[in-house]
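Report on the structure
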Amino acid sequence: MAVIPTQRETVSRAPSHEPGMPTRRGADRRAVAHATLGGGPLAPGAARGLVRAALAEWARLGLPGAESLPQRLIDDAMVVVSELVTNAVVHAGTDVELACRLETSGEPDAGLKEEGAEVGAGAGDVVLLVEVSDHHPSRAPRDSGAELPYDIPEYGRGLHLVAVLSEAWGVTYRTGLKTVWARLPAEGATADDDIEAYAGAQAPGRGLPVGEVLAPEPQRAPHDEEWLNHGALSFLAEASDLLAGQLDEDHVAALTGQLLVPRLADWCAVWLEDESMGRGSWSDGGGGVGSGGRSGGGGYTGPGPRLARVWHSSEDRIEELRRALEKDPPRPPDTFRTGPVPAPWPGDALDALDGPDGPDGPGRGDTGATGAALAYRLVAGGRPLGTLVIGRAGVTCFPDEVTGLVEDLSRRVALAVGAARQYARQATISRILQRGLLPGAVAEIPGVSSALVYEPCDKGGPSGDFYDLFPAGAGRWCFAVGDVQGKGPEAAVVIGLARPWLRLLAREGYRVADVLDRLNQLLLDDATETADAAARALVAADGRTVPPGGAGGSADPGGLGGAVRQAEGPQTRFLSLLYGELVPFDGGVRCTLASAGHPLPLVLRADGEVLTAAEPQTLLGVVEDETYTSGSFELWPGDSLLCVTDGVTERRCGPRQFDDGDGLANALAGCAGLDAQLIAERIRRLVHEFGEKPPEDDLALLVLQTG
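Description of the structure in this document. Everything quoted here is computed from the prediction, not taken from an experiment.

1. Digging into the sheet that holds strand β20 (residues 631-635)
- Taken together, five strands build an open sheet; the order of strands is β14-β15-β16-β17-β20 and the sheet is antiparallel. Sheet topology places β14 (465-473) and β20 at the edges, where each strand pairs with a single neighbour. Each strand axis lies, on average, 20° off the axis of its neighbour in the sheet, ignoring direction.
- By the bridge criterion, five bridges tie strand β17 (residues 588-596) to β20 in an arrangement that is antiparallel. Of the residues in β20, the one forming a bridge with L593 is G631.

2. Focus on the pattern of salt bridges
- Throughout the structure, instances matching the rule amount to 24 salt bridges.
- Between E326 and R322 there is a salt bridge, with the nearest N and O atoms lying 3.8 Å from each other. Taken together, the residues span about one helical turn, with E326 and R322 both in helix α9 (residues 318-327) at a distance of four residues.
- One salt bridge in this structure joins R411 and D408, with 3.8 Å as the shortest N-O distance. Note that R411 and D408 are positioned in helix α11 (residues 400-437) at a spacing of three residues, about one turn of the helix. Note on accessibility: R411 and D408 belong to one class, buried.
- Here the residues in one salt-bridge network are R48, R52, E238 and D241, joined through shared partners.

3. Re a negative patch on the surface
- A cluster of acidic side chains, namely D525, E529, E624 and D625, defines a negative patch on the protein surface.
- Secondary-structure assignment places E624 in the loop between β19 (610-612) and β20.
- Among the residues examined, E624 registers a relative accessible area of 52% and is labelled exposed.

4. Some remarks on a nonpolar patch on the surface
- Together, L619, V622 and V623 line one region of the surface with nonpolar side chains, adding up to about 190 Å² of accessible area.
- In this fold, V623 is placed in the loop between β19 and β20.

5. Brief notes about the sheet that holds strand β12 (residues 383-393)
- Overall, antiparallel pairing links the five strands, which are arranged β9-β6-β12-β11-β10 in an open sheet. A single partner strand is all that each edge strand has here, and the edge strands are β9 (306-312) and β10 (341-342).
- Pairing analysis gives six bridges linking strand β6 (residues 267-272) to β9, with the strands arranged antiparallel. Residue pairing for β9: W267 is matched across the bridge by H312.
- Along the sheet face, helix α8 (residues 249-260) touches β6, β9 and β12 and points at about 25° away from the line of β9.
- In this fold α9 packs onto β6 and β9, with an angle of close to 140° to the strand it touches most, β9.

Rules of the game
Residues numbered from 1 in each chain as written. Predicted model: local features only at pLDDT ≥ 70, side-chain atom pairs only at ≥ 80, totals over all residues. Heavy atoms only, no water. Pairing = 2+ DSSP bridges. Helix = DSSP H or I, 4+ residues; strand = E, 2+ residues; numbered from the N terminus. Axes fitted to C-alpha atoms, helices over the stretch in contact; angles between N-to-C directions. Salt bridge = Lys/Arg side-chain N within 4 Å of Asp/Glu carboxyl O. Buried < 20%, exposed > 50% of the residue type's maximum accessible area, 1.4 Å probe, protein only. Patch = residues over 30% accessible without salt bridge, like charges linked within 9 Å, V, L, I, M, F, W, Y side chains within 5 Å. Areas by Shrake-Rupley, 256 points an atom, 1.4 Å probe, with all protein chains shown as cover. Lys, Arg positive; Asp, Glu negative; His and termini not counted. Charge placed at Lys NZ, Arg CZ, Asp CG, Glu CD. Contact = heavy atoms within 4.5 Å.

Written out as structure tokens, the structure is:
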């Protein structure tokens, strides 16, 4: 698919008055819609939805011309809006201003006449005017140079398509703003020199409807004609939105079948391959490859592709068709060619299902035995991901416009499958990493019951919160609840460093305060080593030598090390931690704990009194040679200790936080008489109910209650 054109000339010159496209006298002020859209991949779909809703609302209000708008105009409007917004998002990346207006006046604006612009044949009828503005007009349009063969850009059909569908269009530049506008007539437009420029050698001639140029007319099935005239491009735009929201490759395959059947084919099948099969998995020779790696004289010799989806317009044929297709997966001659290639027609399976007259009625019983089938390779990023096969009964070949449309769709399917696999890989890595960062089991302490709530905000990545509860030997048990600055891999590095050291230092017999002292120094030392390594890597190409400690140390005051730190971002890794030690004794438990920049723990006494159980101290990994202190107290039968992260205390509802006005202490006071599990569940429920939206931060809380 070609890139968006880089020309700035217009079919008719835009007038100079605001907002950027020609207007006519007598326009109903109610027939105007305007919105600001974020410059992201969802903007085209949102824009189409806005215009579609506006047209429906104008028709409901009975505005002049709105009730009689032809479906052709609505389809063309969807395509033009999608292309203009996509163009703005790709080239500008800023917020996009969308405006559309319905006008019925027969006289063009005087200013338009003065400028001598060509208003077209539809000037006296209903027209829909669309304009899309972005705030980055200085960025050059995307270069239309050579493209990589396996990295196919998906930028839409560009402004040539807008020129074909519009009566007039143009580009207006202002300070900090670029506006592309288009005027769509309600009456059918005819093709002219611009259509010939768009269609090139495929243009069948002048004077044809616009849709006939976009979809040339070979032999086609009767149900193709009207839909392909104007619905095909809208179909691609809508399909892109649907596919982009799928994060599972099997869902992508299922959606593909529903998009193609029965609209473009009688049946389709999607094979997906393991990317480890790599390049050249399919041989260029003949023969076949069976499912599960059965070789038939050529073809792929490793694991066969997986038939992820089979779909037929008659659901009672699906299983038999699946069995027939599984016996002989597709064997494309070129691994990386995305265009259509002929595929075997599974006539035996379809004919066996049809019988003399077939399930679809008399006269169609023989259609299953003959038909056309095409295979499309699914390639994204230079990697073959699978094969899409479509079939239609009763024809010898597919119309050219259908094959081209399915090829465009297959590229989008490949991109969606690739994105789904990337998401699945990242999710798998995150789950494995998360399991390694958290304890496999929580230790049981004699005379103490525990309850834990742990809810990462980002289900697809490592959390910044962590916890631990483990035996330290000599009748001691230790616990920790921490929160690392940031999330994702950076947070995982710190947790992977801190939690093992906590266990090691505790089991070596270090006191609570000493553990925090050493962990603080460990984080600072690790940050210094990271900065030194970055400095050495940076200057290695210049042949310079950086002495140990030279990256930002005293040997390099304000020099290279400072530059490295500035370039690489903050190297210090902050960690808030609540760490404590439990020693059971007859009648109770002695608790010693310290809080380093962490929300302070609370003690709920058996009589309902709530106390703060620690003093605030500095975050770990911030101040070198910081000395931490700890405090001790006893937990008697019925007492509960609550430890939380800031995902609890800083849970927001507008400007308010959950812990404002001792909110957490008041919530804990209402838990008097409950066991540890019920206390944890009640605090969790109150935190979730505090705001209308789901929590935006990780949430962890630990409850320890003496028996």
